Amino acid sequence: MQTIDEQLQDRRTAARSGGGQARVDKHHAKGKLTARERLDALLDENSFKESDMFVEHRCVDFGMQTQKIPGDGVVTGWGTINGRLVFVFSQDFTVFGGSLSEAHAEKICKVMDQAMKAGAPLIGLNDSGGARIQEGVASLGGYAEVFQRNVLASGVIPQISMIMGPCAGGAVYSPAMTDFIFMVRDSSYMFVTGPEVVKTVTHEEVTHEELGGADTHAMTSGVCDIAFENELEALQQLRDFYDFLPLSNREKPPVRPTSDSMHRRDTSLDTLVPDNPNQPYDMKELVHKIVDDSHFFELQPDYAKNIVIGMARMNGSTVGIVANQPLILAGCLDIKSSIKAARFVRFCDAFNIPIITLVDVPGFLPGTAQEYGGIIKHGAKLLFAYAECTVPKITVITRKAYGGAYDVMASKHLRGDVNLAWPNAEIAVMGAKGAVEIIFRNDIGDAEKIEKRTEEYREKFANPFIAASRGYIDDVIKPSGTRQHICKSLAMLASKELENPWRKHDNLPL
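All values derive from a computational prediction rather than experimental measurement.

Section: helix 16 (residues 432-439)
- For helix 16, the complete set of buried residues consists of Ala432, Ala435 and Val436. Taken end-on, helix 16 shows its buried residues confined to a sector of 100 degrees, consistent with a single buried face.
- Against the buried residues of helix 16 lie helix 17 (447-460).

What about a nonpolar patch on the surface?
- The grouping of Leu327, Ile328 and Leu329 at the surface amounts to a nonpolar patch, some 240 Å² of accessible area in total.
- Assignment of secondary structure puts Leu327 in the loop between strand 12 (317-324) and helix 12 (335-350).
- Overall, the relative accessible area of 44% leaves Leu327 in the partly exposed class.

Considerations on unusual backbone geometry
- With a phi angle near 50 degrees, Gln300 is a residue other than glycine that sits in the positive phi range.
- Mapped onto the secondary structure, Gln300 falls in the loop between strand 10 (296-299) and strand 11 (307-314).
- Positive phi is not limited to glycine here, since Ala410 has a value of about 55 degrees.
- One can find Ala410 in the loop between helix 15 (403-408) and strand 15 (418-421).
- For Ala410, a relative accessible area of 0% corresponds to the buried category.

Observations concerning the side chain of Thr178
- By the element assignment, Thr178 lies in the loop between helix 6 (173-177) and strand 7 (180-184).
- With residues up to four places along the chain from it excluded, the contact list for Thr178 reads Asn150, Gln159, Ile160, Ser161 and Arg343.

Quick look at the pattern of salt bridges
- By the definition in use, this model includes 25 salt bridges.
- With a closest N to O distance of 2.9 Å, Glu231 and Arg38 form a salt bridge. Note that Glu231 is positioned in helix 10 (residues 231-242) and Arg38 in helix 3 (residues 35-42), a separation of 193 residues in sequence.
- Among the ionic pairs, Asp260 bridges to Arg264, the shortest N-O distance being 2.6 Å.
- With a relative accessible area of 11%, Asp260 lands in the buried category.
- Under the relative-accessibility criterion, Arg264 is labelled partly exposed at 25%.
- The network of salt bridges with shared partners includes Lys32, Arg38, Asp127 and Glu231.

Calculation notes
- Residues numbered from 1 in each chain as written.
- Predicted model: local features only at pLDDT ≥ 70, side-chain atom pairs only at ≥ 80, totals over all residues.
- Heavy atoms only, no water.
- Buried < 20%, exposed > 50% of the residue type's maximum accessible area, 1.4 Å probe, protein only.
- Helix = DSSP H or I, 4+ residues; strand = E, 2+ residues; numbered from the N terminus.
- Arc of directions from axis to C-beta.
- Contact = heavy atoms within 4.5 Å.
- Patch = residues over 30% accessible without salt bridge, like charges linked within 9 Å, V, L, I, M, F, W, Y side chains within 5 Å.
- Areas by Shrake-Rupley, 256 points an atom, 1.4 Å probe, with all protein chains shown as cover.
- Salt bridge = Lys/Arg side-chain N within 4 Å of Asp/Glu carboxyl O.

Given below as structure tokens:
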């Protein structure tokens, strides 16, 4: 007769072996890690404390009563990343294809509830074939329970989804409601309906990768924030990203000491912007040269490239970066870039992360495609996000800030705290040439006169000093001193307090 200790050890061994060695070997053959191996790579060594290891499903239909594996296809618990608490769940594809049963969902809900009570982030490692068909509506109810908790946790604790395998049907909506989604190339995919259903309904022939692969969602749909080459890279990068985040909305982001002086000047920035106002330059160069140790964690780098977003540190403290990119569409705002930046601004505001906005924007992208696609409402999302934002907001206009796009990009009128401009910045309703052609439309046939008028307009209006004279720009600074000005402004704003009027919730223009 086995002792209690022996029984316990046998049960733990059964749970840790997942679906058995044969299925584990098959999983490894695809270049994928098991659920527990992923947690080992993500969390600090020996920090993981598992919960609900012995949970089993309760289904008795279709012979399921004879197929029970402890843990029921998901590993849950908590641990640390660089010494900071995090709650996790990792779906095990070797057990019933990682399918979600009622018990499986209960385990995830339980760890989500614990994360909320403890005030610490939740990371989900998704690798599941979807709802467990044998359980019918019970599994669907399990999904809804998870969805409800995603909504309640939104803006309270950071939620991150790492898609490590299939994620289809109802399973995609939980990641969609988390703050960030990361995927792995060639092994993870997300879609509401698979290729077979698509072919039946629309007669389109499409592969899993084309329909919902990592590159599709990183480049085309914008669902994915970053697509990584392999699982180990993804998990190591996730550890790096986690270091930027606060544990909850009640805490400030962590401070990481740096040897990079806040007083550092970079004279190369004085020549970054070309003399020709129509010539592009790489805004990322400015970002890397002003942040601590040139370390910038860019999000959605392959989607809506005309705007750049991501996390960095200034004098050791986390900041969110939003920057127009003149290399793409001249830095114009369009539907995709507005949505991309708006969601990021709202995340930063929810979690006490100051926002640095680097502006070089000639306006909103014109055209029927944009108007028919709803640029009015989608552009308003970014406007709304900046306007309701209460964290410190520091704006630097490097070159162009025209029209409504000037207003939208964290202007002083949207409660910008510190608004700076480089000496050659152009702040106006529109570009000098376009303005002259409207004001002096009768002279359009005289090229020489139009050119003279354009130069006069540029000298009189297309500079930062008109805005500065009205207090819309707090200071005109040398580009080389940008880092110093931002760091000093952040220090001044460290104790900023600002509250919006009470309301049940706002009504974002969706």
